[in-house]
Amino acid sequence: GENFSGTPLDLMPFGGSIVAGQSAQTPYQGGGFRSGLFQDLLDDDRFTTTMLGSSTALLANSPTNVNILSIANERNHEGHPGWTTLMMLANIDADDGNSAGNGGYWLAPGNGVNPDCIIVNIGGNDAVKYGADSASMSGAAQRLDATVSEFNQLRPGVKTIVSTIGYRGDGGGSYSKALDAYLNPAIGGIVFNHVLAGQSVSYLDLRNIMSYPADIGSDKIHPTQAGYDKMANAWYQSLVYGTAYWTGNEDGNWNTLNGNQS
């Protein structure tokens, strides 16, 4: 039978539609990378995983099977399609009134939601809603930084893994260019500063792990199931094999407990 004696791992996936699991693929069972990540952790006897968040949406398209998250009753997440860093930040310890925020106050003090780890993929929608330029992306980076600070203020010591933003082909590719030129390069430095502050923050470069068009669906934004599975494995590896940390060199490399990663 199943072994449920593993170390408890309370996990909050946090971000936009990629975290919620949106896909243009049909049929599609829903859940995005969360399905594969939960399965990976289920198969690993060291952990007993609980998924946290105010949403239970799977975003399945004409599903032909039952999603593992539904079977396990672990559909919760903090993924909000179309949301920006500004919108996410406004609901961590407040409610901005957007009904899709499910009442906000996601990590309010004493609300019983106590993640061991928050995995973050947010910022792609900022390029769409606020502008695909240096100033707009700088604002997104500052809000991402503030989000990680808010996590640590509300849940001191919480482990956070911050990822880069994947390819976005909407906007004729201009959004992807802006993310690659301005936002993604800033994320490593944001993580490094939180590490220097003694916080448990690490970095996952999903932008270079996910490739277009192999892993991305017909809408040029959201992964296919195969792409989400690749993403799930990357999250799993980053969770299980320890934090990544900056080597201190200007060579763009990070070290992990398993050796160097570019």
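Colleague: Would you mind going over the overall build of the protein with me for this structure?
Modeller: Along its length, the protein carries nine helices and nine strands. Rg of the C-alpha trace for the protein: 17 Å, near the compact-globule value of 18 Å for 262 residues, within the 12% margin. Here the C-alpha coordinates of the protein stretch approximately 50 × 40 × 40 Å along the principal axes. For the protein, the residues scored as buried account for 51% of the 262 residues in total. The long-range share in the protein, meaning contacts at least 24 apart out of those at least 6 apart in sequence, stands at 72%. Put simply, the protein shows about 10,900 Å² of open surface, and 49% of that area lies on carbon and sulfur atoms. Of note, the protein has its 12 positive side-chain charges centred 6 Å away from the centre of its 24 negative side-chain charges.

Colleague: Looking at this structure, I do not really get the pairing of strand β4 (residues 117-121). What am I missing?
Modeller: Burial within β4 is extensive, with five of its five residues counted as buried. Where burial is concerned, the two faces of β4 agree: the one with Cys-117, Ile-119 and Asn-121 and the one with Ile-118 and Val-120 are both buried. Bridge count between strand β1 (residues 7-15) and β4: five bridges; the pairing is parallel. Considered in β4, the bridge of Leu-11 is made with Cys-117.

Colleague: Explain helix α2 (residues 33-43) to me, please; I cannot follow it from the model alone.
Modeller: For an α-helix, 3.6 residues make a turn, and residues three or four places apart therefore share a direction. When α2 is considered as a whole, its buried residues turn out to be Phe-33, Arg-34, Ser-35, Gly-36, Leu-37, Phe-38 and Leu-41. Buried residues along α2 sit against β1, α1 (17-20), β2 (47-51), α3 (68-71), β4 and α9 (225-240).

Colleague: How do you make sense of empty space enclosed by the protein when you look at a structure like this?
Modeller: It is a probe the size of a water molecule, rolled over the atoms, that shows where empty space is left. Under the defined criterion, the tally for this structure stands at one cavity of 30 Å³ or more. The computed volume of the largest cavity comes to approximately 200 Å³. Ile-18, Asn-121, Ile-165, Gly-166 and Arg-168 are the residues nearest the centre of the largest cavity, which is lined by 21 residues in total. Going through the elements one at a time, α1 and α5 (124-129) are the ones with two or more residues in the lining of the largest cavity. Here the lining of the largest cavity is built from residues that sort into 11 nonpolar, nine polar and one charged.

Colleague: I'm lost on helix α6 (residues 134-154) in this one. Help?
Modeller: For α6, spanning 21 residues, the distance from its first C-alpha to its last is 30 Å, which sits close to the expected 30 Å at 1.5 Å a residue. Restricting attention to buried positions, one finds in α6 the residues Ser-136, Met-137, Gly-139, Ala-140, Ala-141, Arg-143, Leu-144, Thr-147, Val-148, Phe-151, Asn-152 and Leu-154.

Colleague: Where do I start with the environment of Lys-177 in this structure?
Modeller: With respect to the helices, strands and loops of the structure, Lys-177 is situated in helix α7 (residues 174-196). In sequence terms Lys-177 and Val-240 are 63 residues apart; their C-alpha atoms lie 32 Å from each other.

Colleague: Explain the nonpolar core here, please?
Modeller: Across soluble globular proteins, nonpolar side chains have a tendency to be buried as a group. Core analysis: the largest hydrophobic core is formed by 32 residues, its most contacted members being Phe-14, Ile-118, Val-120, Phe-151, Val-162 and Leu-183. Contributions of two or more residues to this core are made by β1, α4 (85-89), β4, α6, α7 and β6 (201-204). Aside from chain neighbours lying at most four places away, what touches Val-162 is Val-120, Leu-144, Val-148, Ile-187, Val-191, Val-201, Ser-202, Tyr-203 and Leu-204. The next biggest cluster of nonpolar side chains, apart from the first, holds 28 residues, and it includes Tyr-28, Leu-204, Leu-206 and Tyr-228.

How each quantity is defined
- Numbering of residues starts from 1 in every chain and runs along the sequence as written.
- Predicted model: local features are reported for residues with pLDDT of at least 70 only, side-chain atom pairs are reported and counted for 80 or more only, and whole-chain, interface and lining totals are derived from all residues.
- For side-chain calculations, the full set of non-hydrogen atoms in the structure is used, while hydrogens and water are omitted.
- Strands here mean DSSP runs of E at least two residues long; helices mean DSSP runs of H or I at least four residues long; both are numbered from the N terminus.
- Here the globule rule reads 2.2 Å times residues to the power 0.38, and the radius of gyration is calculated from C-alpha atoms.
- Under the scheme applied here, a residue whose accessible area is under 20% of the maximum for its type counts as buried, over 50% as exposed, and between as partly exposed, the area being computed with a 1.4 Å probe on protein chains only.
- Any two residues whose heavy atoms approach within 4.5 Å are treated as being in contact.
- Accessible surface area values rest on a Shrake-Rupley calculation with a 1.4 Å probe, where residue burial reflects the displayed protein chains alone.
- For the charge count, each Lys or Arg is scored as positive and each Asp or Glu as negative, with His and the chain ends excluded.
- The location of each charge is read from NZ of Lys, CZ of Arg, CG of Asp or CD of Glu.
- By definition, two strands form a pair when at least two bridges between them are found by DSSP.
- Cavity and pocket criteria rest on a 1 Å grid covering protein atoms alone: a 1.4 Å probe that fits but cannot get out defines a cavity, protein on both sides within 12 Å along at least 5 of 7 lines defines an open pocket, and an atom within 4 Å of a point defines a lining residue.
- Grid points are joined across faces, edges and corners, and a volume is the space filled by probe spheres set on the points.
- Residue classes follow a fixed rule: Ala, Val, Leu, Ile, Met, Phe, Trp, Tyr, Cys and Pro count as nonpolar, while Asp, Glu, Lys and Arg count as charged, and any other residue, Gly among them, counts as polar.
- The span one expects for a helix is its residue count, reduced by one, times 1.5 Å.
- In this description, a nonpolar core means a group of buried Ala, Val, Leu, Ile, Met, Phe, Trp, Tyr and Cys residues linked to one another through side-chain atoms lying within 4.5 Å.

No statement about biological role is implied by the geometric values presented.
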